[in-house]
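# Breakdown of the fold
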Amino acid sequence: MTVTAISAVGLTLTRGGRQLCVDCDLELPVGELTVVVGPNGSGKTTLLQTLAGLRTPTAGRVVHHVDPPLGYLPQRPAFRAGFTVAETLEYYRQLAPAGGRASVPALLERVGLGGRADDPVDGLSGGMMRLFAVGVALIGDPPVLLLDEPTGGLDPQMRDAIVAIVSEEREGGRAVVLVTHGLGAIDPLVDRVVVMGEPASVTVGAKDTLCEQTGTGTLEGLYRQLTEVGP
Amino acid sequence: MSRRGRAQLAIVRREIRSLVGSPTGWVVMGGAVAAVLGIATLSAPGGYQATAVDLLVVLEVLVPAVGVALGYRAVLHDRLSGEWAVHRAMGVRPRTYLQGVFIGQVTVVGLVIGGSLTVATAIVAAGRARPVAFLASSPAVADPTAMLWLVGLSIGYVVPIVALVMLLSVWAQRRRDAIVGAVVVVGLVVIGLDAAAIVTAVPLPVMVVLSPGAGYRTLVLTVGVGLSAQGPVTAALLGWATWTLVAVGVTLRRLGARP
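Residues numbered from 1 in each chain as written. Chains lettered and ligands numbered in written order. Predicted model: local features only at pLDDT ≥ 70, side-chain atom pairs only at ≥ 80, totals over all residues. Heavy atoms only, no water.

## Details of the overall build of chain A
Put simply, the rule is: For helices the rule is a DSSP run of H or I covering at least 4 residues; for strands it is a run of E covering at least 2, with both sets numbered from the N terminus onward. C-alpha atoms define the radius of gyration, and 2.2 Å times the number of residues to the power 0.38 defines the globule rule. Accessibility here uses a 1.4 Å probe with only protein chains present; expressed as a share of the type maximum, an area under 20% marks a residue as buried, one over 50% as exposed, and anything in between as partly exposed. The contact criterion used is simple: two residues touch if any of their non-hydrogen atoms lie within 4.5 Å. Accessible areas in this description were obtained via Shrake-Rupley with a 1.4 Å probe; residue shielding takes into account the shown protein chains only.
Looking only at helices and strands, chain A features eight helices and nine strands. Here the C-alpha atoms of chain A give a radius of gyration of 17 Å, agreeing with the 17 Å that 2.2 N^0.38 yields for 231 residues. Put simply, chain A has 231 residues, and 53% of those count as buried. For chain A, contacts bridging at least 24 residues in sequence account for 68% of all contacts bridging at least 6. Accessible surface for chain A amounts to roughly 9500 Å². Of this, 48% is attributable to carbon and sulfur atoms.

This is the structure we're talking about:
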């Protein structure tokens, strides 16, 4: 039986007077990876923020069937200067409802920053900052991970590290939602797809079903077909 | 400790460390302390009351300036960097977050102002003129109560100022907005609201409610120094409370509606 972590009912989103989706229903099951794809400016980040409860939808509602915390990775993460990497993660551990099961050193090790604990957090490179922000998203053992462009601008090794973490979290029973343009790397892991096209056309479904319906074999093919971006 | 209490304490600690750990913070705090101690040293021979009046003129500008300079980026930075969104996703309520930031800022600004004024009181104690017996026995010269009131009331003045700074920090969309807004807040609190009240010839109690700076002046001159016997003390306190509650309320509302 599928257990839903977050559901959206009759969701309508607008930004700057432009409709991004209209009367859209969406379910995010636990233990599944949902990917949100679409052209730049199609409203992927707005949808992710709405699912996280950070924005109020124009119409419809978002229901969280799980308790906080939710793990959230912003599109361009940055952290306050004047703190080390370990201090910043410890700060977020204190904010988490249960304090987080994983220790700070263990979590830093997991995201590949074990040797950077004492570095200034604002001195991390762009890629390392993203890895660190994934660590922050994981700190409270959240049942849901909402990650905005987690692999954007990363070198192949860092990208693989993020994909491995996402895979482990999905296997561990978390509902994972990704906004990404790096479709190839995560294609084998994806269970469900939300394709945000223009104008305000949103297609939601299981990846295998959508691929079958569109006669495409890959996530990228599906994306191109549904957003009418020809090769 | 409850989850909310633990989170709030963490936010307070982070805010305090952010303020005292930045080079800008040291420059601002150092400048404020130097200004207070410098004036206290020059005014000390005149005794406690004279020093308190001399300091009042400077503190009317200094408290808003220090509050704005230290605090205008706090919430703004967290919003622009996505850290506020991470807090919210983790289940931190806007109220918990704002209370933490507020307490942290009031603590730091209050310590800078209150600490430097306490040292200033000691400077007056050591440096006030002693040769003339009747002057030394005058309460205006020999009684430190005026300075102690100045310390307490200045710390109180920090509260509405920090509330206004937080509102500015939530209102601004960019750092440039915040800097412009900071100048406006200092200008309004120090000159603008007083000037508007004078131009429109509103009664003194109303003016004191409208202007936190006028309220501070009234409280110090009436309660602290005792130069004014019938200043509208209640109106001044009401003004501070109103500014604080309105600013915090609007800040909370605005912060809760934004990722």
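## What about the interface of chain B and chain A?
For the record, the criterion: Values labelled buried area give the accessible surface lost by two parts on being combined, using a 1.4 Å probe and summing over both. We define a salt bridge as a side-chain nitrogen of Lys or Arg found within 4 Å of a carboxyl oxygen belonging to Asp or Glu. N or O atoms within 3.5 Å of each other form a polar contact, as long as, within protein, one can give a hydrogen and the other can take it, and as long as residues adjacent in sequence are counted only when both atoms are side-chain atoms. Nonpolar residues are Ala, Val, Leu, Ile, Met, Phe, Trp, Tyr, Cys and Pro. Charged residues are Asp, Glu, Lys and Arg, and all others, Gly as well, are polar.
Counting from both sides, the interface comprises 26 residues of chain B and, opposite them, 27 residues of chain A. For the pair chain B and chain A, the summed buried surface comes to about 2300 Å²; carbon and sulfur atoms form 57% of the total. There are three salt bridges connecting chain B and chain A. Measuring nitrogen to oxygen at the nearest pair gives 3.1 Å for the salt bridge that ties Glu87(A) to Arg17(B). At the surface where chain B touches chain A, the tally comes to 17 residue pairs in polar contact (both at pLDDT 80 or more). For the side of chain B that touches chain A, the elements supplying multiple residues, two or more each, are helix 1 (3-21), helix 4 (74-81) and helix 5 (83-89) of chain B. At ten residues, helix 1 of chain B tops the list of elements feeding residues into the side of chain B that touches chain A. Its residues assigned to classes, the side of chain B that touches chain A comprises ten nonpolar, six polar and ten charged.

## Describing a nonpolar patch on the surface
Residues and elements named next belong to chain B. Which entries qualify depends on this criterion: Residues qualify for a patch when their relative accessible area is over 30% and they have no salt bridge, like charges being joined within 9 Å and the nonpolar side chains of Val, Leu, Ile, Met, Phe, Trp and Tyr within 5 Å.
A cluster of nonpolar side chains, namely Val180, Val184 and Leu188, defines an oily patch on the protein surface of about 240 Å² accessible area. By the element assignment, Leu188 lies in helix 10 (residues 175-199). On the basis of relative accessibility, which here comes to 40%, the residue Leu188 falls in the partly exposed class.

## Some thoughts on the pairing of strand 2 (residues 18-29) of chain A
Note on strand geometry: in a regular strand, side chains alternate between the two faces of the sheet. Residues and elements named next belong to chain A. Defined as follows: Between any two strands, at least two bridges found by DSSP are needed for them to pair.
Pairing between strand 1 (residues 4-15) and strand 2: eight bridges, direction antiparallel. Paired with Ser7 across the bridge in strand 2 is Glu27. Where strand 1 hands over to strand 2, the hairpin turn is made up of two residues, of which Gly16 adopts a positive phi near 60°.

## Notes on the sheet that holds strand 6 (residues 144-148) of chain A
Residues and elements named next belong to chain A. Note the following rule: For helices, the axis comes from a line fit to the C-alpha atoms of the stretch in contact; other axes are also lines fit to C-alpha atoms, and the angle between any two N-to-C directions lies between 0 and 180 degrees.
With mixed pairing, six strands are arranged side by side in an open sheet as 5-6-7-3-8-9. The open sheet is flanked by strand 5 (71-73) and strand 9 (202-206), the only strands paired with a single partner. In this sheet, adjacent strand axes meet at a mean angle of 10° when their direction is disregarded. The sheet contact formed by strand 8 (residues 192-196) and strand 9 spans five bridges and is antiparallel.

## Comments concerning helix 1 (residues 44-51) of chain A
Residues and elements named next belong to chain A. Taking burial as the measure, the eight residues of helix 1 include eight buried ones, the bulk of the element. All of the buried residues in helix 1 are Lys44, Thr45, Thr46, Leu47, Leu48, Gln49, Thr50 and Leu51. Following helix 1 by one or two positions, Gly53 has its phi on the positive side, about 85°.

## A word on helix 12 (residues 212-224) of chain B
Residue and element names in this part refer to chain B. The buried count for helix 12 comes to ten of 13 residues, which makes it a mostly enclosed element. All of the buried residues along helix 12 are Pro212, Gly213, Ala214, Gly215, Tyr216, Thr218, Leu219, Val220, Thr222 and Gly224. Of the residues trailing helix 12, Gly226 is marked for its positive phi of about 80°.

## Focus on the sheet that holds strand 2 of chain A
Where strands meet in a sheet, backbone hydrogen bonds hold them as pairs that are either parallel or antiparallel. Residue and element names in this part refer to chain A. Pairing is antiparallel in the open sheet, where three strands are placed in the order 2-1-4. Across the chains shown, the open sheet's two edge strands, defined by having one partner strand only, are strand 2 and strand 4 (59-64). Ignoring which end each strand starts from, the neighbouring axes of this sheet average 15° apart. Here helix 1 sits on the sheet and contacts strand 1, strand 2 and strand 4; the angle it forms with strand 1, its principal contact strand, is near 130°.

## What about the environment of Leu37(B)?
Residues and elements named next belong to chain B. The residue Leu37 is located in helix 2 (residues 23-43) in this model. With a relative accessible area of 23%, Leu37 lands in the partly exposed category. Considering only alpha carbons, one finds Leu37 and Val124, 87 residues apart in sequence, at a separation of 9.9 Å. For Leu37, the contacting residues outside a window of four places in its chain are Ser116, Val119, Ala120 and Ile123.

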